[in-house]
Amino acid sequence: MAAEKSLAMVLRTVEFSESSYVATLFTEDFGKITALAKGARRRKSAFESALDLLSVSRVVFLSKSSDSLDLLTEARLEKAFRSSQKELSRFYAALYIIELVNLMTDNRDPHPELFRTTVRCIGRLDQGAPIAPHVLKFELAILRHLGHLPALHACSECSRAVPDAARMAFGIWNGGVLCNSCKIGKRKVVSLSLPALQLLRSWSEPEPETTNDTDWSLPQFDTEWTKVAGEVRGLMNQYLCDTLGRRPQLFDFLGFH
Ligand SMILES: [Zn+2]
């Protein structure tokens, strides 16, 4: 058994025994892990608030080779999520973010860039960033990191460039925009306005790694966003449910579906 160290975000904790938790952690270096935290439920636990949901903690765990749980030996809190008591909608949005991470990543499949994107997004939400646009930016980011981003430029069927028009066909089942020939006879096709598509294109571009979690006051959030928010939200809800094969539990708590 090797002792591994990483920065990690707490995605989920489940009571395991009277004194212990099983924690699902999204680590920067090893991807998602599931680890037993012995004694974590005791009042004077060594883990303290390092295992609270949404906390970013520095963890040490003993990695088990088989299917059995890893063993968490240390967790030191680096950054707590503080908005939960003040504003429930912010807390729900942050929980939705980690639900997506939990649903869409596999154990031991490292995505360090996605980890940093997640920490940055949760940090911005905690600091008062507008909720709906930041949730959308995260959804596009996780889809991009995991290779599920819809085709937004070329036809998702024939890969030919689709010329811009006032309204564009978007095939939910096809995974993106469709040209005039390919859209014929397709099912689950949504008509998307050009401004909505343009917003999806620009917001799905990767953010420079150098931006920090206070750089969220992007000017286009007010102007571009408000005009197409409802349309884009409707499309993303359908696309995500189709990609995940299920409806995320937190959808109903977000208030913008
Ligand atoms: Zn086509």
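Structure: above.
Residues numbered from 1 in each chain as written. Predicted model: local features only at pLDDT ≥ 70, side-chain atom pairs only at ≥ 80, totals over all residues. Heavy atoms only, no water.

1. What about the coordination of the zinc ion?
Coordination sphere of the zinc ion, protein contribution only: Cys155 (SG), Cys158 (SG), Cys179 (SG) and Cys182 (SG), at 2.3 Å. Coordination geometry of the zinc ion: the 4 donor atoms subtend angles of 101 to 114° at the metal centre, consistent with an arrangement described as tetrahedral. Along the chain, the residues donating to the zinc ion fall in the pattern C-x2-C-x20-C-x2-C. Remark: Cys179 occurs in the loop between strand E7 (176-178) and strand E8 (189-193) and Cys158 occurs in the loop between helix H3 (131-145) and strand E6 (167-171); sequence separation between them is 21 residues. Residue classification places Cys158 among the partly exposed residues on the basis of a relative accessible area of 26%. (Donors = N, O, S within 2.8 Å, 3.2 Å for Na, K, Ca; no water. Tetrahedral: all angles 85-135°; square planar, octahedral: opposite > 155°, others 65-115°. Helix = DSSP H or I, 4+ residues; strand = E, 2+ residues; numbered from the N terminus. Buried < 20%, exposed > 50% of the residue type's maximum accessible area, 1.4 Å probe, protein only.)

2. Details of the packing of H3 against helix H4 (residues 194-203)
Here H3 crosses H4 at 65°, and the two axes come no closer than 9 Å. Considering the angle they form, H3 stands roughly perpendicular to H4. Crossing angle aside, the handedness with which H3 passes H4 is right-handed. Contacts from Pro133, Leu136, Lys137 and Leu140 in H3 reach Leu199, Leu200 and Trp203 in H4. When its residues are assigned to classes, the contact of H3 with H4 shows 6 nonpolar, no polar and 1 charged. (Axes fitted to C-alpha atoms, helices over the stretch in contact; angles between N-to-C directions. Parallel < 35°, antiparallel > 145°, perpendicular 65-115°, else oblique. Left-handed = near helix turned anticlockwise from the far one by under 90°. Contact = heavy atoms within 4.5 Å. Nonpolar A, V, L, I, M, F, W, Y, C, P; charged D, E, K, R; others polar.)

3. A word on the sheet that holds strand E4 (residues 56-63)
Spatially, the 5 strands close up into a barrel ordered E1-E2-E3-E5-E4, and their pairing is mixed. Along the sheet, successive strands turn relative to each other by an average axial angle of 50°, direction set aside. The pairing of strand E2 (residues 21-27) with strand E3 (residues 31-37) spans 7 bridges and is classified as antiparallel. Note on E3: the bridge partner recorded for Tyr21 is Ala37. (Pairing = 2+ DSSP bridges.)

4. Considering the pairing of strand E1 (residues 2-15)
Across 8 bridges, the pairing between E1 and E4 is antiparallel. Each residue of the ladder has a partner; that of Leu7, found in E4, is Arg58. Between E1 and the antiparallel strand that follows it, E2, lie 5 residues.

5. Remarks on the pattern of salt bridges
One pass over the structure, following the stated rule, counts 11 salt bridges. With a closest N to O distance of 3.9 Å, Arg76 and Glu78 form a salt bridge. Of the residues examined, Glu78 reaches a relative accessible area of 43% and is grouped as partly exposed. Among the salt bridges present, the one from Arg247 reaches Asp252, with a minimum N-O distance of 2.6 Å. Within this structure, Arg58, Arg76 and Glu78 form a network of salt bridges that share partners. (Salt bridge = Lys/Arg side-chain N within 4 Å of Asp/Glu carboxyl O.)

6. What about the environment of Leu72?
With respect to the helices and strands, Leu72 occurs in strand E5 (residues 70-79). Taking the C-alpha atoms as reference points, Leu72 and Val59, 13 residues apart in sequence, are found 7.4 Å from one another. With sequence-adjacent residues up to four places away left out, Leu72 is seen in contact with Leu25, Ala35, Leu36, Ala37, Phe47, Leu51, Val59, Val60 and Phe61.

7. Side note on unusual backbone geometry
We note that Arg108 has phi near 60°; this positive angle belongs to a residue other than glycine. Relative to the helices and strands, Arg108 is located in the loop between helix H1 (88-104) and helix H2 (112-126). Overall, the relative accessible area of 34% leaves Arg108 in the partly exposed class. For Ser159, which is not a glycine, the phi torsion comes out positive at approximately 65°. Along the chain, Ser159 falls in the loop between H3 and E6.

8. Some words on H3
Taking 1.5 Å per residue, 15 residues should reach 21 Å; H3 reaches 21 Å between its end C-alpha atoms and fits that length. Buried residues dominate H3, accounting for 14 of its 15 residues. Backbone geometry just downstream of H3 places Gly147 in the positive-phi region, at approximately 75°. (Expected span 1.5 Å × (residues − 1).)

9. Regarding H1
What sets the pattern is the α-helix's 3.6 residues per turn: residues three or four places apart point alike. With 17 residues, H1 extends 24 Å between its outermost C-alpha atoms, agreeing within 8% with the 24 Å of an ideal straight helix rising 1.5 Å per residue. Those residues of H1 not exposed but buried are Arg90, Ala93, Ala94, Leu95, Tyr96, Ile97, Ile98, Glu99, Leu100, Val101 and Met104.

10. A few points about the nonpolar core
Formed by 62 residues in total, the largest nonpolar core has its most connected members in Tyr96, Ile122, Leu136, Phe138, Ile142, Phe170 and Val232. Other than its neighbours up to four places away in sequence, Ile142 contacts Leu100, Val101, Met104 and Leu114. Membership of the second largest hydrophobic core comes to 16 residues, among which are Phe30, Ala35, Phe47 and Ala50. (Core = buried A, V, L, I, M, F, W, Y, C linked by side-chain atoms within 4.5 Å.)

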